[in-house]
Amino acid sequence: VEENALSTFVLVDKIENLDSVSNKLVNNGYTVDKKFLVNNNLLKNIVTISKILFAIMLFLSSFIFYLYLKNLMKAKKNEIGLYKCFGYSNKQISIIILLEILLIFIIAMLLSRLLLQFIIFLANNQIGKILDFAYIDLKVYFVPQILFIVLSTIILIILSITAIRKVYKLEVSMILNENNL
């Protein structure tokens with residue numbers, strides 16, 4: 001318990017104990033400011049909503065990956081045709097394209113994480129000013145972030161391999177004639 005001139009701050013070990021701690025404080029003559037007590041049902045709803053948003057974000061990112069790969073494969077038909085003319089195997093072409101896609105993905109993930117940290121920093125400062133607090137701790141929880149990155153990477157690799165295999169079926173003469181080379 002940390003005491004100030006005007007208030008007392010109580011740190012509760014588990015969210016489930018909030019109500020019992022609040023009742024004990026009231027019984028001991030303290031006034032408990034109800035606006036800072038957390039409702040367990042509200043927390044459960046927030047967790048449920050965050051899981052739904054996580055699934056939606058994963059679906060949308062997969063859909064965006066799919067559209068990106070579809071357009072990339074159309075744009076790379078000439079390049080793939082030239083690789084085949086020079087004697088590259090389908091496996092070598094796949095590795096080249098997959099490494100390019102993964103490099104772009106890694107750069108995009110790093111930039112998005114930096115942007116997220118910057119937005120959280122700004123949000124902390126702005127919310128603190130609005131609510132008249134020195135600092136509010138908005139955190140990025142790394143387990144869901146890592147889970148999202150791992151799942152996104154797996155989906156990206158599966159979609160990439162699927163898109164690359166469609167190009168395998170094309171003959172060199174068909175690719176080059178189609179593009180008037």
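The structure this text deals with has already been given above.
What counts, and where the lines are drawn
- Residues numbered from 1 in each chain as written.
- Predicted model: local features only at pLDDT ≥ 70, side-chain atom pairs only at ≥ 80, totals over all residues.
- Heavy atoms only, no water.
- Helix = DSSP H or I, 4+ residues; strand = E, 2+ residues; numbered from the N terminus.
- Buried < 20%, exposed > 50% of the residue type's maximum accessible area, 1.4 Å probe, protein only.
- Contact = heavy atoms within 4.5 Å.
- Areas by Shrake-Rupley, 256 points an atom, 1.4 Å probe, with all protein chains shown as cover.
- Core = buried A, V, L, I, M, F, W, Y, C linked by side-chain atoms within 4.5 Å.
- Salt bridge = Lys/Arg side-chain N within 4 Å of Asp/Glu carboxyl O.
- Expected span 1.5 Å × (residues − 1).
- Patch = residues over 30% accessible without salt bridge, like charges linked within 9 Å, V, L, I, M, F, W, Y side chains within 5 Å.

Novice: I'd love a proper account of the overall build of the chain, names of residues and values included.
Specialist: Helix and strand counts for the chain come out as 6 helices and 2 strands. Going from N to C terminus, the chain has its helices and strands arranged as β-β-α-α-α-α-α-α. Within the span of the chain, comprising 181 residues, buried residues form 20% of the whole. By sequence separation, contacts in the chain at least 24 residues apart represent 67% of the contacts at least 6 residues apart. Counting only carbon and sulfur atoms, one obtains 67% of the accessible surface of the chain, whose full area is about 13700 Å².

Novice: Describe the nonpolar core, listing the residues and the values that go with them.
Specialist: Among the nonpolar cores identified, the biggest contains 19 residues, and Leu69, Met73, Ile80, Ile97, Ile101 and Leu156 are the most heavily contacted of them. Broken down by secondary-structure element, the contributors of at least two residues to this core are helix H2 (40-75), helix H3 (77-85), helix H4 (90-130) and helix H5 (142-168). Looking at this core, the element that brings in the most residues is H4, giving 6 residues. Once residues lying within four places of it in the same chain are set aside, the contact partners of isoleucine 80 are Met73, Ile93, Ile97 and Val167.

Novice: Mind laying out the pattern of salt bridges, listing which residues take part and the relevant values?
Specialist: Inspection of the entire model under this criterion finds 2 salt bridges. Lysine 76 is the salt-bridge partner of glutamate 79, the closest N and O atoms lying 2.9 Å from each other. Its relative accessible area of 8% is what places lysine 76 among the buried residues. Among the salt bridges present, the one from lysine 76 reaches glutamate 100, with a minimum N-O distance of 2.9 Å. Of this pair, lysine 76 sits in the loop between H2 and H3 while glutamate 100 sits in helix H4, placing them 24 residues apart in sequence. Each of the salt bridges in this network shares a partner with another, and the network as a whole consists of Lys76, Glu79 and Glu100.

Novice: Tell me about H5, and please be specific about residues and values.
Specialist: In this model, H5 (27 residues) spans 38 Å end to end at C-alpha, consistent with the 39 Å of a helix rising 1.5 Å per residue. All of the buried residues in H5 are Phe148, Ser152, Leu156, Ser160, Ala163, Ile164 and Val167.

Novice: Break down the environment of glycine 81 for me, citing the residues and quoting the values.
Specialist: Counting through the fold element by element, glycine 81 comes out in helix H3. Among the residues examined, glycine 81 registers a relative accessible area of 0% and is labelled buried.

Novice: I'd like a rundown of a nonpolar patch on the surface, residues and numbers included.
Specialist: A grouping of Ile49, Ile52, Leu53, Ile56, Phe59, Leu60, Phe63, Tyr66 and Leu67 is seen on the molecular surface, where their side chains present a nonpolar patch of about 870 Å² in accessible area. Mapped onto the secondary structure, isoleucine 56 falls in helix H2.

Novice: Give a detailed account of the side chain of lysine 84, specifying residues and quantitative values.
Specialist: Residue placement: lysine 84 occurs in helix H3. Not counting chain neighbours up to four residues away, the residues in contact with lysine 84 comprise Asn90, Ile93, Val167, Tyr168, Leu170 and Val172.

Novice: Give a description of the environment of serine 89 that names residues and reports values.
Specialist: Topologically, serine 89 is positioned in the loop between H3 and H4. For serine 89 and tyrosine 168, which are 79 residues apart along the polypeptide, the C-alpha to C-alpha distance reads 9.7 Å.

That's the geometry; what it means functionally is another story.
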